[in-house]
Amino acid sequence: MAEIGKTLLDSGWLAARSTEVSEDGKQLTTTNPPSLGSQSKWMEAVVPGTVLGTLLKNKAIPDPFYGLENETISDIADSGRDYYTFWFFTKFQCKRVLNQYVHLNFRAINYSAEVYVNGHKTVLPKGMFRRHTLDVTDILHPDNDNLLAVIVHPPDHPGTIPPQGGQGGDHEIGKDVAAQYVEGWDWICPIRDRNTGIWDEVSISVTGPVRIIDPHLVSTFFDNYKRVYLHVTTELENKSSWKADCSVTIQITTELENGVCLVEILHTERVIIPARGQIKHTFKPIFLYKPELWWPNGMGKQNLYDVLITVAVKEFGESDSWMQPFGFRKIESVIDSVTGGRLFKINGEPIFIRGGNWILSDGLLRLSKERYRTDIKFHADMNMNMIRCWGGGLAERPEFYHFCDIYGLLVWQEFWITGDVDGRGVPVSNPNGPLDHDLFLLCARDTVKLLRNHPSLALWVGGNEQVPPKDINDSLKQDLRLHPYFSTPSSPDWDSDPSVYLDGARVYVQGSMWDGFADGKGNFTDGPYEIQYPEDFFKDTFYKFGFNPEVGSVGMPVADTIRATMPREGWEIPLFKKGADGFVEEVANKMWEYHKYIPYSKPGKVHDQILMYGAPRDLDDFCLKAQLVNYIQYRALLEGWSSRMWTKYTGVLIWKNQNPWTGLRGQFYDHLLDQTASFYGCRSAAEPVHVQLNLASNFIEVVNTTSKKLSDVEIEASVWDLDGNCPYSKVFSKLSSPPKKVMQISEFTYPKSENAKPVYFLLLKLYHVSDKTVVISRNFYWLHLPGKDYTLLEPYRKKQIPLKITCDSVLLGPKFELEITVHNTSNRANALQEGLLHKLFSRFTEDNNRGLKVVGSDPGVAFFLRFSVHDPETEKQDTRILPVHYSDNYFSLVPGESMSFKISFAAPTGMKKSPRVMLKGWNYPDGFTVFG
């Protein structure tokens, strides 16, 4: 007897190019099943995955993301669609009993397919973003292997790539309902197969006579969130030829400590379903008293309850079950009357949006739970609270949303329209969007059903920098209209239960620059996308609308990533060409240009920010100085927006958070999952309570995005020069910070002092007076006087700053969890404000019997230190272990200061030696081992 439930078909697949297979689908799944062999055209396949993913796995193509190798791979425009039309084949077993039913499920295929099971053919309709379910009950072999073959065809309009590239190539892909980035963009190369393949989950599901289809969960709140109702509607299908007498049960559980679950609710209703009938059943609202609410990152805990729905059929027993982690939360979204920007509220509290744009995890659709977990945790680690799924990419997968639920990232999900491809690009094309509007709407509705139960899903948006064609837009407005409770909650009359709506609980906005985003009218008022002077982000003139959906800048990774993703000719750093106006133009090598490098200068507008530190000597020096700029650039961007919280802005989304390939622009971490310094600049600026320096006004500010007032706090500001002196220090005491407010504290006057140094360090610390050992916010700046630069930091590299490092480690299977403390043991070069500095650092004591000492005799700041983790056994040039989660990195320590860092990572499979943790810094170019 087959067990009720779902079985993934994610291994044992074979693939072959259709033009090289002589058998048809019936033969492949009856008399001539394929096999591997030296003479066989078949190869091991990647499912879920794409044709390119399978070819890469079998080394039939080079890595398209390495160097210029993508140029050696045949593009579908040149090879024709047949070249990337592939057969996929596998076997599975399923021994069902009487009154059990079996369905074969494809969660997504790109773009169309024919499916053969044991010789029986089914044609799957077109569309990249739709599910397919086939009843295979009557064609299974209960005692033998079942043979499954799928021939997958590419998109109907794969397009061609113009010599100059462009946004979406020639825009032909826009005629289909598919991801549009695959023809290339200004941040990615073309994907040669246009992502043809079985790119998402394949499964076999076994049920009894009645199966559960697409339940919808909605929660409503009353009496200040004390009285809560869960509304549930589900489709129920009776596959049998007799009337089904069913008991449908909802169980709501919450997890306590040590994996123990508490059943909060157990509710059962009787349902009668006619023979071979399908009905929608709406449960009576289920009451809960004061459930733990779900909150976004930075606002509270991400409390989740398991909602389990089971259906039992009289004289059969359990027939089907469905489970979803569910968060009780209410999301509201309106246009703010003060700023004109879109304002979001969660559980009645306004949330200042600081997030970023997302394309997808990997350009070849090599998607996995492990990668999604890392991606989303990285966003939470950066203190972001929203991710925008851009319209030229994917309708993201349930696994993506699952981790957004867990880590508290709100999601803006866009449908598959972009201005560049759909009517506003160069040349203008597809003004009426995709050719098949009904197909687009079918995919949209199916996507809503797939994702609507996730608390992280915040809003639907019609398209990127464009609205859908009128008929599609009108249909989406109607389909995604709000239930009266969410549009006019004071209204006592509801037309129906909220769960009978397609969604009804979150807003639909027609486009990314409409209705509270950018200028709200659809004009191109997002951006800019290039290097800026850091102080400009704070100025009134920088951006004048309330919510910017896209603002981007540079994104150079570390030198190890360049070496790992490019051959030696790609290691050449840009040439710096100085013009008559004094501005510098960076001329990058061919590979950097191919990988979409954004320069660190903007001739005529912004002087080269890397040259502010002196001319780089080589790749390592260039990338290190780029990290200095990255940190400052993105910290200033978010601090500038936060400085005007609620008075000018309601939110900002950075373009973009990461690259789905080895790109060299707009990223907080690279495609290999190594964080850039901008990651930690963002992490600092977006912390819920943050002390910062307004780089335009030179005032110290406290940004409190939380709902709690901070009382009886102090700020310590200390300046450190390159000789290790502390020429300025001040305590701002008896402060309070109201909730959801920005407080201007005092002007930072050191730059105006008579003997101010041209380059100096500033340390700001915010803490409670009652417990000065717990720092609420710490912010470290390196600054220069007006008209100066950072070139004095070059000789500062020679300073030998003594450190002491201690490390505690815990090994949990292959996972390492380290806590490393780094202490700058240098003495101050002067004793100015001795009482204050003693108060600052008196908590640090030295234990001479533990830890690693780094010998040095120079007083001063240990500047721009960075951890990395390495595999001591690998023979690869790139020894890094990735990904690694650091509680902080790219940090600096003033004399006497100590900081502790948590580092967690999984060691590579089979590694016998202990991994090695290295610490490098501006003063420690060669680095040293602190663990391993």
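Cut-off values and rules
- Residues numbered from 1 in each chain as written.
- Predicted model: local features only at pLDDT ≥ 70, side-chain atom pairs only at ≥ 80, totals over all residues.
- Heavy atoms only, no water.
- Pairing = 2+ DSSP bridges.
- Helix = DSSP H or I, 4+ residues; strand = E, 2+ residues; numbered from the N terminus.
- Axes fitted to C-alpha atoms, helices over the stretch in contact; angles between N-to-C directions.
- Phe/Tyr/Trp six-rings, centres within 6.5 Å; stacked < 30°, edge-to-face > 60°.
- Buried < 20%, exposed > 50% of the residue type's maximum accessible area, 1.4 Å probe, protein only.
- Lys NZ or Arg CZ within 6 Å of the ring centre and 35° of its normal.
- Core = buried A, V, L, I, M, F, W, Y, C linked by side-chain atoms within 4.5 Å.
- Contact = heavy atoms within 4.5 Å.
- Polar contact = N/O pair within 3.5 Å; in protein donor to acceptor, adjacent residues only side chain to side chain.
- pLDDT = per-residue confidence, 0-100.
- Patch = residues over 30% accessible without salt bridge, like charges linked within 9 Å, V, L, I, M, F, W, Y side chains within 5 Å.
- Areas by Shrake-Rupley, 256 points an atom, 1.4 Å probe, with all protein chains shown as cover.
- Salt bridge = Lys/Arg side-chain N within 4 Å of Asp/Glu carboxyl O.
- Expected span 1.5 Å × (residues − 1).
- Parallel < 35°, antiparallel > 145°, perpendicular 65-115°, else oblique.
- Left-handed = near helix turned anticlockwise from the far one by under 90°.

1. A short note on the sheet that holds strand E20 (residues 342-346)
Right, so step 1: Sheet architecture is open: three strands sit in the order E19-E20-E21, paired in antiparallel fashion. With one partner strand each, in any of the chains shown, strand E19 (331-335) and strand E21 (349-351) form the two edges of the open sheet. Taken over all neighbouring pairs, the strand axes of this sheet differ in orientation by 35° on average, direction set aside.
Right, so step 2: Here five bridges tie E19 to E20, and the two strands are oriented antiparallel to one another. What sits directly across from Ile335, in E20, is Arg342.

2. Notes on the sheet that holds strand E34 (residues 728-737)
Right, so step 1: Strand order in this open sheet of four strands is E34-E33-E36-E37, and the pairing throughout is antiparallel. With one partner strand each, in any of the chains shown, E34 and strand E37 (771-784) form the two edges of the open sheet. Strand-to-strand twist in this sheet, taken as the mean axis angle between neighbours without regard to direction, amounts to 20°.
Right, so step 2: As paired strands, strand E36 (residues 759-768) and E37 are joined by 10 bridges and run antiparallel to one another. The residue bridging Phe761 from the neighbouring strand is Trp782, located in E37.

3. Some words on the packing of aromatic side chains
Right, so step 1: Under the criterion given, the structure shown has 65 aromatic pairs.
Right, so step 2: Between Tyr750 and Tyr760, the ring centres sit 4.9 Å apart and the planes meet at 70°, which makes this aromatic pair edge-to-face. Of this pair, Tyr750 sits in the loop between strand E35 (741-747) and E36 while Tyr760 sits in strand E36, and the two are 10 residues apart along the sequence.
Right, so step 3: Ring centres of Phe863 and Phe864 lie 5.8 Å apart, and the angle between their planes is 35°; on these two criteria the pair is classed as tilted.
Right, so step 4: A residue is classified by how much of its surface remains accessible, and Phe864, at 2% relative accessible area, is buried.
Right, so step 5: Positioned over the ring face of Phe517 is Arg342, at 5.7 Å from the centre of the ring.
Right, so step 6: If you follow Arg563 out to its NZ or CZ, it ends over the ring of Trp571, 5.7 Å from the centre.

4. Observations regarding the nonpolar core
Right, so step 1: If you look at the biggest cluster of nonpolar residues, it comprises 206 residues, and the most contacted ones within it are Leu104, Trp782, Leu793, Phe863 and Phe867.
Right, so step 2: With 13 residues, the single largest contributor to this core is helix H11 (residues 619-643).
Right, so step 3: Residue contacts for Phe863: discarding those within four places in its chain leaves Leu628, Phe761, Phe780, Trp782, Leu793, Tyr796, Phe891, Ser892, Gly921, Trp922 and Asn923.
Right, so step 4: If you look at the next biggest cluster of nonpolar residues, it comprises 52 residues, including Phe221, Phe326, Ile331 and Val509.

5. Quick notes on the environment of Arg452
Right, so step 1: Looking at the secondary structure, you find Arg452 in the loop between helix H6 (437-451) and strand E25 (457-461).
Right, so step 2: A C-alpha to C-alpha distance of 20 Å links Arg452 and Arg373, two positions 79 residues apart in sequence.
Right, so step 3: Ignoring anything within four residues of it in the chain, the contact list for Arg452 reads Asp214, Pro215, His216, Leu457, Tyr501, Leu502, Asp503 and Arg506.
Right, so step 4: A polar contact of 2.9 Å, which involves the side chain of Arg452, links it to the backbone oxygen of Leu502.

6. Section: the environment of Ser868
Right, so step 1: Among the secondary structure elements, Ser868 is positioned in strand E41 (residues 862-870).
Right, so step 2: Considering only alpha carbons, one finds Ser868 and Gly37, 831 residues apart in sequence, at a separation of 43 Å.
Right, so step 3: Excluding anything up to four places from it in sequence, Ser868 contacts Tyr886, Arg916, Val917 and Met918.
Right, so step 4: For Ser868, the side chain forms a polar contact with the side chain of His870, separated by 2.8 Å.

7. Considering the confidence of the model for the chain
Right, so step 1: When pLDDT is averaged across the chain, the result is 94; 97% of the residues are at 70 or more.
Right, so step 2: For residues 831-849, every residue scores under 50 in pLDDT, and the model assigns this stretch 40 contacts once sequence neighbours within four places are set aside.

8. Considering a nonpolar patch on the surface
Right, so step 1: On the surface, Leu256, Val260 and Leu262 cluster together into a nonpolar patch covering about 250 Å² of accessible area.
Right, so step 2: Along the chain, Leu256 turns up in the loop between strand E13 (244-255) and strand E14 (261-273).
Right, so step 3: For Leu256, a relative accessible area of 45% corresponds to the partly exposed category.

9. Quick word on helix H4 (residues 369-381)
Right, so step 1: Between its terminal C-alpha atoms H4 stretches 18 Å, which fits the 18 Å expected from 13 residues at 1.5 Å a residue.
Right, so step 2: All of the buried residues along H4 are Arg371, Tyr372, Thr374, Asp375, Ile376, Phe378, His379, Ala380 and Asp381.
Right, so step 3: Against the buried residues of H4 lie strand E22 (353-358), strand E23 (386-389), helix H5 (398-407), helix H12 (677-685) and strand E42 (885-886).
Right, so step 4: Asn383 occupies a position one or two residues after H4 and carries a positive phi of about 65°.

10. Observations concerning the packing of H11 against H12
Right, so step 1: Taken N-terminus to C-terminus, the directions of H11 and H12 make an angle of 25°; their axes are 7 Å apart at the nearest point. In terms of axis orientation, H11 runs roughly parallel to H12. Like other packed secondary-structure pairs, H11 and H12 cross with a definite hand, here right-handed. On H12, the residues touching Gln627, Asn630, Tyr631, Tyr634, Arg635, Leu638, Glu639 and Ser642 of H11 are Ala677, Ser678, Tyr680, Gly681, Cys682, Ser684 and Ala685.

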